[in-house]
Amino acid sequence: MSRPLQNRVTPFGTIVAITARGTMMGIRGGRIHDETKRLTRRRWTSRRWICCELSFKGRWREVMGPGYTHLFFLDEVTALAAGHRPCFECRRADALAYQAAFPEPGAGADHMDEILHAERLGEHRIDDTANLPDGAVWADGEDAFTRREGKVLRWSPEGWEEAQWQDRPARILTPPASVAALRNGFRPRWHPTGGGSSDPPGIAVFTE
């Protein structure tokens, strides 16, 4: 059996090799893999960390081929937690909605990326998770949680599962600017296990 490529992103921002499929794609600026399709020591090439459609206008590129490194997410809630934002090309309507909800009105893509990059390099804590908006992700040890419609959900590579949580101080994984966007009305895409669309993704996560 061929090995899975190291291209799946967790809510912690780490990139792992697993066989489970993602429902969204993204990049971190450019190429961070070598000729053997293994990641180098780099984890980004620029501040432009975006979350994209799996398919767009019939384009096809080899995953971990000669171009940029394709990364994959369980869903957009996961991508936001990892520090990504919607792409202005393949997801323009979503990107404009995110921009409108961003805490700095009128911020362009470059300015949003600058803010998000500074935030994802830091550590953020909150005294009580009860008031976080749906889709904001927090951590307890190696587990990541979010809330939707009153239910607490735990992340796994295969999807979200209902969990128990007593509100208390925690480390917030979703950057503060994206937490604010969620609070201001931005609605991210959820995996079907979290109540999102059950439509199949446009392409599979390539493995070898």
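One can find the structure itself at the top, above this paragraph.
Computed from a predicted structure; not experimentally measured.

Thresholds applied
Residues numbered from 1 in each chain as written. Predicted model: local features only at pLDDT ≥ 70, side-chain atom pairs only at ≥ 80, totals over all residues. Heavy atoms only, no water. Buried < 20%, exposed > 50% of the residue type's maximum accessible area, 1.4 Å probe, protein only. Helix = DSSP H or I, 4+ residues; strand = E, 2+ residues; numbered from the N terminus. Pairing = 2+ DSSP bridges. Contact = heavy atoms within 4.5 Å. Polar contact = N/O pair within 3.5 Å; in protein donor to acceptor, adjacent residues only side chain to side chain. Axes fitted to C-alpha atoms, helices over the stretch in contact; angles between N-to-C directions. Expected span 1.5 Å × (residues − 1). Phe/Tyr/Trp six-rings, centres within 6.5 Å; stacked < 30°, edge-to-face > 60°.

Visitor: Before we go on, may I ask you to explain the pairing of strand S4 (residues 49-52) in this structure?
Guide: On a regular strand, each side chain points to the face opposite its neighbour's, so the side chains alternate between the two faces of the sheet. Of the two faces of S4, the one carrying Trp49 and Cys51 and the one carrying Ile50 and Cys52 are both buried. Pairing between strand S3 (residues 24-28) and S4: four bridges, direction antiparallel. Within S4, the residue paired with Arg28 across the bridge is Trp49. In the sheet, S4 pairs with strand S6 (residues 85-86) via two bridges, with the strands oriented parallel. Looking across to S6, one finds that Cys51 is bridged to Pro86.

Visitor: I keep staring at the side chain of Thr78 and nothing clicks. Help me out?
Guide: With respect to the helices and strands, the residue Thr78 is situated in helix H1 (residues 76-81). Look past the residues within four positions of Thr78 in its chain and what remains in contact with it is Val9, Thr10, Pro11, Trp155 and Trp160.

Visitor: Would you take a moment to explain the environment of Arg43 for this structure?
Guide: Looking at where Arg43 falls in the secondary structure, it is placed in the loop between S3 and S4. Classification of Arg43 by relative accessible area gives partly exposed; the value is 29%. Remark: the alpha-carbon pair of Arg43 and Gly150, spanning 107 residues in sequence, is separated by 35 Å. Those residues in contact with Arg43 that sit more than four places away from it in its chain are Gln6, Ile15, Arg28 and Ile32. Engagement of the side chain of Arg43 in a polar contact is seen with the backbone oxygen of Thr40, the distance being 2.5 Å.

Visitor: What's the story with the sheet that holds strand S11 (residues 159-162) in this structure? I'm lost.
Guide: Within a beta sheet, neighbouring strands are joined by backbone hydrogen bonds and run either parallel or antiparallel to one another. What the six strands build is an open sheet, ordered S7-S12-S8-S9-S10-S11; its pairing is antiparallel. Of all strands in the sheet, those with a lone pairing partner are strand S7 (124-126) and S11, marking the two edges. The average angle at which neighbouring strand axes cross in this sheet is 40°, direction not considered. Pairing of S7 with strand S12 (residues 170-172) involves three bridges; the strand directions are antiparallel. Pairing of His124 across the sheet is with Ile172, part of S12.

Visitor: Any chance you could explain helix H3 (residues 109-120) here in plain terms?
Guide: Residues spaced three or four apart along an α-helix point in a common direction, a consequence of the helix completing one turn every 3.6 residues. Over its twelve residues, H3 extends 16 Å from the first C-alpha to the last, a length consistent with the 16 Å expected when each residue adds 1.5 Å. By the burial criterion, the buried members of H3 are Met112, Asp113, Ile115, Leu116, His117, Glu119 and Arg120. The inward-facing, buried residues of H3 abut S4, S6, helix H2 (92-101), S7 and helix H4 (176-183).

Visitor: Sorry, what's going on with the packing of aromatic side chains here?
Guide: The way to describe two aromatic rings as a pair is by their centre distance and the angle between their planes. Under the criterion given, the structure shown has seven aromatic pairs. On the basis of an interplanar angle of 55° and a centroid distance of 5.8 Å, the ring pair of Tyr98 and Phe102 is categorised as tilted. Taken as a pair, Tyr98 and Phe102 share a single burial class, namely buried. Consider the rings of Trp138 and Phe145, whose centres lie 6.2 Å apart with planes at 20°: the pair is stacked. On the basis of relative accessible area, Phe145 is assigned to the buried category, the value being 3%. Members of the aromatic cluster, joined through ring pairs, are Tyr98, Phe102 and Phe186.

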